[in-house]
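# Breakdown of the fold
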Amino acid sequence: MVEHIYLDETQIPLTHFEDETVDGLYKVTIEFNVTSKAYHDIAVLLYRGRFDVEIPDKDKKFKGEIYNYSTSLTNLYKDNQVAVYRLVLKEIREDQKG
């Protein structure tokens, strides 16, 4: 199992990982827990939408963007809560990397 992924230079510990190739582009589906304490930093990171993605356990690097996103909680401002985030990242074609 892939234990973590990097979005830009932020390490994300994973609870679930799937990967596939669709139309010649790499696509990953990940799940990870976000605590109330980490919520703001993760929200700011994900707001970027596009990332340098690195998956060390697969020796894989690519430029990707959020294709789909969901969370089990929408308000993590209350202390001691944990949400499950599900994120689908899709590799960007060379001509879209601008």
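Up top is the structure.
Let me sum up the structure you'll find in this document.

Quick notes on the rules
Residues numbered from 1 in each chain as written. Predicted model: local features only at pLDDT ≥ 70, side-chain atom pairs only at ≥ 80, totals over all residues. Heavy atoms only, no water. Salt bridge = Lys/Arg side-chain N within 4 Å of Asp/Glu carboxyl O. Helix = DSSP H or I, 4+ residues; strand = E, 2+ residues; numbered from the N terminus. Contact = heavy atoms within 4.5 Å. Buried < 20%, exposed > 50% of the residue type's maximum accessible area, 1.4 Å probe, protein only.

### Let's talk about the pattern of salt bridges
For side chains bearing opposite charge, pairing can occur when the charged atoms are close. Under the definition given, this model contains 6 salt bridges. E65 is paired through a salt bridge with R50; the nearest N and O atoms lie 3.2 Å apart. Highlighted residues: E65 in strand β6 (residues 60–71) and R50 in strand β5 (residues 50–55), separated in sequence by 15 residues.

### Some thoughts on the environment of F62
Its location among the elements puts F62 in strand β6. Taking the C-alpha atoms as reference points, F62 and D52, separated by 10 residues in sequence, lie 6.1 Å from one another. Those residues in contact with F62 that sit more than four places away from it in its chain are Y26, V28, F51, D52, V53, I55, K90 and E91.

### Describing the environment of K78
One can find K78 in the loop between β6 and β7 (82–91). By relative accessible area, K78 is classed as exposed at 55%. Placed 58 residues apart in sequence, K78 and E20 show a C-alpha to C-alpha distance of 36 Å.

Function cannot be inferred from these measures alone, as they are strictly geometric.
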